[in-house]
Amino acid sequence: SESETLCMCHQLARSQGLCLGPGSGLNVSAAVRVAKRIIDKENSNDGSTARQPLVICTILPDSGLQYLDTIYNAQWLERNHSIRVGEIPPLNRSRASDSTSTFKNLFAFAMEDIIGETPLCNLSHLVKNVHGHNVKLFAKVEFFNPG
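Here the structure is a predicted model, which is why all the values come from computation and not from measurement.

I'd love a proper account of the overall build of the protein, names of residues and values included.
Looking only at helices and strands, one finds three helices and four strands in the protein. Evaluated residue by residue, the protein yields a buried proportion of 38% over its 147 residues. Carbon and sulfur atoms form 53% of the exposed surface of the protein, whose accessible area is close to 8300 Å².

Just give me the short version of the environment of Ile59, but keep the residues and values in it.
Structurally, Ile59 can be placed in strand E1 (residues 54–60). Taking C-alpha positions, Ile59 is 6.7 Å from Asn27, a pair spaced 32 residues apart along the chain. Setting aside its immediate chain neighbours within four residues, Ile59 contacts Asn27, Lys140 and Glu142.

Just give me the short version of the nonpolar core, but keep the residues and values in it.
Core analysis: the largest hydrophobic core is formed by 29 residues, its most contacted members being Leu12, Val28, Leu123, Leu126 and Leu137. For this core, the secondary-structure elements that each account for two or more residues are helix H1 (2–16), helix H2 (22–44), E1 and strand E4 (135–141).

Describe unusual backbone geometry, and please don't skip the residues or the numbers.
Positive phi is not limited to glycine here, since Ser82 has a value of about 55 degrees. Examined against the element boundaries, Ser82 turns out to sit in the loop between helix H3 (74–81) and strand E2 (110–115).

Can you break down the layout of surface pockets residue by residue, with the values?
In this model, the largest pocket occupies a volume close to 220 Å³. In terms of lining, the largest pocket is formed by 13 residues, of which the most central are Met8, Gln11, Val32, Lys36 and Leu91. Of all the secondary structure elements, the ones that give two or more residues to the lining of the largest pocket are H1 and H2. Looking at the lining of the largest pocket residue by residue, the classes come out as seven nonpolar, three polar and three charged.

Account for the state of the cysteines, naming residues and giving values.
Taken as a whole and judged by the stated rule, the model has zero disulfides. Of all cysteine sulfurs, the one in Cys19 lies closest to Cys9, which takes part in no disulfide; the gap is 8.4 Å. Judged by its relative accessible area of 0%, Cys9 is buried. Cys57 supplies the cysteine sulfur nearest to Cys121, a cysteine that is in no disulfide, at a spacing of 9.9 Å.

Reading the values: the criteria
- Residues numbered from 1 in each chain as written.
- Predicted model: local features only at pLDDT ≥ 70, side-chain atom pairs only at ≥ 80, totals over all residues.
- Heavy atoms only, no water.
- Helix = DSSP H or I, 4+ residues; strand = E, 2+ residues; numbered from the N terminus.
- Buried < 20%, exposed > 50% of the residue type's maximum accessible area, 1.4 Å probe, protein only.
- Areas by Shrake-Rupley, 256 points an atom, 1.4 Å probe, with all protein chains shown as cover.
- Contact = heavy atoms within 4.5 Å.
- Core = buried A, V, L, I, M, F, W, Y, C linked by side-chain atoms within 4.5 Å.
- 1 Å grid on protein atoms, 1.4 Å probe; cavity = no way out; pocket = protein on both sides within 12 Å on 5 of 7 lines; lining within 4 Å.
- Points joined across faces, edges and corners; volume = space filled by probe spheres on them.
- Nonpolar A, V, L, I, M, F, W, Y, C, P; charged D, E, K, R; others polar.
- Disulfide = S-S within 2.5 Å.

Okay, here's the thing in structure tokens:
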């Protein structure tokens, strides 16, 4: 949904230091949702199948810099989408000591590799060990592409 996408943009900015556009927020939201659906489906099986590691990769196509006066503006967000920034729940940040939004607990994304001219970021901690599954979530940061 649009509100889920906008909330994901704020969550990633707050907890990962990523200022993403709505296309990127949508892709990360969808990747997390796909991971949870696959895990829920596997958990509903009789348990006879071995749990294979789940790897999901998505694209981050747009930066949030051009949205600073809209989706990153608290008044605009509340007026146009009835979303209060202070009420957006924190992401699963398994590497942080707690869920407060202080600078010392900021866990920026980990760059996994460079593919072409843009980084592949590891966002696995957003979906890590959901129901005992080994889940890996990667995102290719295409908006860094110089071409």
